[in-house]
Amino acid sequence: MAIFSVQARPTDAASWAELARTVEAAGFDALSAADHPGSGPSPFVALAAAATVTGTLRLRSYVSNAGVREPVLLAADVATLDVVSGGRAGLGLGAGHTPAEWRAVGRERPDVAGRVRRCVAVAEAVRALLAGDEVTVDTPDLTAHAARLDAPRPVQDRIPLTVGTANSTLLRWAGAHADVVGLTGFGRTLADGHQHEARWRADQIEAQLAHVAAGAAGRDAPPVLEALVQRFAVTDDAESVAAETAAETGLTPAEVLATPFVLAGTADEIAAAVAGHERRWGVTRFVVRADAVAALAPLLPRLAGNGSTSSALEIGH
């Protein structure tokens, strides 16, 4: 069973509300908002607005930048979203790859290991705060003294945590602790500070999943695997779409069509690809951009029937 969510950003109140209603009515699982301070909207404000016009749609940051967000403020944001949505909030976290976002809050972006350490520390602190615990941390990566979240208290017993990453250490941590591992397919950050090399080849995906599996050893149930779809197209010429994406990424068209980060083809071909990604990789959830909603919505009933397992999250419900 494939589960689809939408990542989007508001540009005005009317179109954002309409998108939220459309996404819910079509049967998407969640509406997600990215977190890029200075170049994008506040995810929790946007998601709270979406909560007022929906009733069942899950609402999730995808992903909040752990490098520039402090745990008590992040916990308060997600708890407030959970309250105003009646228990539909989710938290996505990532290590924060954009140097300008770190500098904007007075920090220089650390090396990869430093970003990963902070992401783990923030994730652990936020989880503890949401659980009602007091948090004191004093390390080079994170400082918090007697932090508590006395109010608001979230509706859900446990806010589902998604960790979006392609980093080996963070994948292992997510395998051990996250509810959802968001496979981003991101490789090295390019010179502009925003774009990435694509880490989409089969051997690269297999290596990422091996880290998740290693982290998940001993868990009663492993985390759900979710892919961030960078290109979605319903077309009878998938090869042309694949060729365009191959030129941008350095992959071959065949490699593009084999990756879960691209879904392109006829309805039959997309359905086969979604089922194939579950069989091969165990990926049962997909996040698409807002521009895919109109084309994907008619396919959702069919795609939800693919595979043999369900990845719907019931945590806190």
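Please read these numbers as outputs of a predicted model, since none were measured by experiment.

K.L.:
Lay out the overall build of the protein chain in plain terms, naming residues and giving numbers.
P.N.:
If you tally the helices and strands in the protein chain, you get twelve helices and 15 strands. Since a compact globule built from 317 residues should have a radius of gyration of about 20 Å, the 19 Å found for the protein chain is in line with a globular shape. Along the longest, intermediate and shortest principal axes, the C-alpha atoms of the protein chain span 60 × 40 × 40 Å. Taking all 317 residues of the protein chain together, 52% fall into the buried category. Within the protein chain, contacts between residues at least 6 apart in sequence are counted, and of these 71% link residues at least 24 apart. Roughly 13,300 Å² of accessible area belongs to the protein chain as shown, and the carbon and sulfur atoms make up 54% of that amount.

K.L.:
Give me the pairing of strand E5 (residues 89-94): which residues, what numbers.
P.N.:
Counting buried positions along E5 yields six of six residues, so the element is predominantly enclosed. A two-sided burial pattern is seen for E5, the buried positions comprising Ala89, Leu91 and Leu93 on one face and Gly90, Gly92 and Gly94 on the other. Pairing analysis gives two bridges linking strand E3 (residues 58-61) to E5, with the strands arranged parallel. When the bridges of E5 are listed, Arg60 appears paired with Gly90. In the sheet, E5 pairs with strand E8 (residues 161-165) via three bridges, with the strands oriented parallel.

K.L.:
How would you sum up helix H1 (residues 13-26)? Please name residues and give values.
P.N.:
With 14 residues, H1 should cover 20 Å at 1.5 Å per step; its first-to-last C-alpha distance of 20 Å lies within 8% of that length. Along H1, the positions that sit buried rather than exposed are Trp16, Ala17, Leu19, Ala20 and Val23. Viewed end-on, H1 has its buried residues packed into an arc of 160°, placing them on one side of the element. Opposite the buried face of H1, by more than 90 degrees, sit the exposed residues Ala14 and Ala25. If you follow the buried residues of H1, they end up packed against strand E1 (3-7), strand E2 (30-33), helix H2 (43-51) and helix H11 (293-296). Sitting at the head of H1, Asp12 places a side-chain oxygen 3.2 Å from the backbone nitrogen of Ala14. Positive phi appears at Gly27, one or two residues downstream of H1, with a value of about 105°.

K.L.:
Report on the packing of helix H6 (residues 168-177) against helix H7 (residues 202-216), specifying residues and quantitative values.
P.N.:
In contact at an axis separation of 6 Å, H6 and H7 are set at 40° when each is read in the N-to-C sense. For the element pair H6 / H7, the angle class is oblique. Once H6 is placed against H7, the crossing between them reads as right-handed. In this structure, H6 contributes Ser168, Leu171, Arg172, Gly175 and Ala176 to the contact, and H7 contributes Gln208, His211, Val212, Ala214, Gly215 and Ala216. Across the contact of H6 with H7, the residue classes break down as five nonpolar, five polar and one charged.

K.L.:
A description of unusual backbone geometry should follow, citing residues and the corresponding values.
P.N.:
With an omega dihedral of -5°, the bond running from Tyr62 to Val63 counts as a cis peptide bond. Positionally, Val63 belongs in the loop between E3 and strand E4 (64-65). Residue Pro152 follows Ala151 across a cis peptide bond; omega there is -5°. With respect to the helices and strands, Pro152 occurs in the loop between strand E7 (143-147) and E8. Of note, the phi angle at Ala146 is positive, near 50°, even though the residue is not glycine. Mapped onto the fold, Ala146 is located in strand E7.

Rules of the game
Residues numbered from 1 in each chain as written. Predicted model: local features only at pLDDT ≥ 70, side-chain atom pairs only at ≥ 80, totals over all residues. Heavy atoms only, no water. Helix = DSSP H or I, 4+ residues; strand = E, 2+ residues; numbered from the N terminus. Rg over C-alpha atoms; globule rule 2.2 N^0.38 Å. Buried < 20%, exposed > 50% of the residue type's maximum accessible area, 1.4 Å probe, protein only. Contact = heavy atoms within 4.5 Å. Areas by Shrake-Rupley, 256 points an atom, 1.4 Å probe, with all protein chains shown as cover. Pairing = 2+ DSSP bridges. Expected span 1.5 Å × (residues − 1). Arc of directions from axis to C-beta. Polar contact = N/O pair within 3.5 Å; in protein donor to acceptor, adjacent residues only side chain to side chain. Axes fitted to C-alpha atoms, helices over the stretch in contact; angles between N-to-C directions. Parallel < 35°, antiparallel > 145°, perpendicular 65-115°, else oblique. Left-handed = near helix turned anticlockwise from the far one by under 90°. Nonpolar A, V, L, I, M, F, W, Y, C, P; charged D, E, K, R; others polar.

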